[in-house]
Amino acid sequence: MKPKMMVKMGADLVMTILLLVQMAYMLVGERSHEWTGAAMFLLFILHHGLNWRWYPRLAKGRYTPLRVIQTIVNFLVLASMAGLMVSGIILSREVFAFLPISGGMGFARILHMLSAYWGFILMSTHLGLHWGMIMGMARKLRGGRTLPKPWRWAFRAAAAAVSLYGIYAFMKHRIADYLFVRSQFVFFDMEQPLWQFFGEYLAMMELWVCLAYYAARALRGRSGR
């Protein structure tokens, strides 16, 4: 694997881990939340720097339904990250406390909540839309060998089970309330172990990855690609 690709995959992996940490705001503490948020934003800039060629290609080639969805999701992820950074700077009491910002706290809090939860779903969807490419890279590392059929079915069954748990976790954590501002405050179970919280959010991420991956496969099949 080329060094640049290794850096890309490493940055994306760390960003995914930091995304889970960010969702555990009340459980990890405000200070950790701010610093990991700043680190995630820097990694997001690095991600775009490493993939800058994507932008000139926007005006080239044919737009299949899959490409349209990928492009929309990419720009929505960019918008959610911008919303997170702007609102995070306004709300900051640690990293950006030196900035002379006053007021706008109510608006920033709602924007931060919307950007965080929509960003979580959009980033998971973005990962799912590119999951085929990730599996292709994994296959190359195995010398082009595919897994035995029983192993493939075992992994699919495990993914389905985790996704079902993700549906349960989605309802348990009332994610829809935050996505559509039915609640302006995020509630945390402070007695829940951190490992359980991360497991449930990982299951939710798996749910959106699977939905996006199989939707991409269906659209790719319809377009003959």
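Residues numbered from 1 in each chain as written. Predicted model: local features only at pLDDT ≥ 70, side-chain atom pairs only at ≥ 80, totals over all residues. Heavy atoms only, no water.

A. Examining the overall build of the protein chain more closely. Of the regular secondary structure elements, the protein chain holds nine helices and zero strands. Listed N to C, the secondary structure of the protein chain is α-α-α-α-α-α-α-α-α in terms of helices and strands. A globule of 225 residues ought to have a C-alpha radius of gyration of about 17 Å, and the protein chain, at 19 Å, matches this closely. Expressed as lengths along the three principal axes of its C-alpha atoms, the size of the protein chain is roughly 55 × 40 × 30 Å. Counting only residues that meet the buried cut, the protein chain has 35% of its 225 residues in that class. A total accessible area of about 13600 Å² is found for the protein chain, and carbon and sulfur atoms account for 70% of it. Between the averaged position of the 25 positive side-chain charges in the protein chain and that of its 9 negative side-chain charges there is a distance of 24 Å. (Helix = DSSP H or I, 4+ residues; strand = E, 2+ residues; numbered from the N terminus. Rg over C-alpha atoms; globule rule 2.2 N^0.38 Å. Buried < 20%, exposed > 50% of the residue type's maximum accessible area, 1.4 Å probe, protein only. Areas by Shrake-Rupley, 256 points an atom, 1.4 Å probe, with all protein chains shown as cover. Lys, Arg positive; Asp, Glu negative; His and termini not counted. Charge placed at Lys NZ, Arg CZ, Asp CG, Glu CD.)

B. How the structure looks around the side chain of Thr-71. Counting through the fold element by element, Thr-71 comes out in helix α4 (residues 65–91). Of the residues examined, Thr-71 reaches a relative accessible area of 13% and is grouped as buried. Sequence-distant contacts of Thr-71, that is, excluding residues within four places in its chain, are made with Trp-54, Leu-58 and Tyr-63. (Contact = heavy atoms within 4.5 Å.)

C. Fine view of helix α1 (residues 3–23). Taking 1.5 Å as the rise per residue, α1 with 21 residues should run 30 Å; its terminal C-alpha atoms sit 31 Å apart, in good agreement. When we look at burial in α1, the residues that qualify are Lys-8, Ala-11, Met-15, Leu-18, Leu-19, Leu-20, Val-21, Gln-22 and Met-23. (Expected span 1.5 Å × (residues − 1).)

D. Highlighting unusual backbone geometry. Its identity is not glycine, yet Arg-174 carries a phi of approximately 55°, on the positive side. Mapped onto the elements, Arg-174 comes out in the loop between α7 (149–172) and α8 (175–179). On the basis of relative accessible area, Arg-174 is assigned to the partly exposed category, the value being 37%. We note that Val-181 has phi near 50°; this positive angle belongs to a residue other than glycine. Tracing the backbone through its elements, the reader meets Val-181 in the loop between α8 and α9 (194–222).

E. Focus on the environment of Cys-210. Among the structural elements, Cys-210 can be located in helix α9. Note on Cys-210: relative accessible area 15%, which makes it buried. The spatial distance from the C-alpha of Cys-210 to the C-alpha of Leu-129 is 8.9 Å, given a sequence separation of 81 residues. Aside from chain neighbours lying at most four places away, what touches Cys-210 is Ala-159 and Ser-163.

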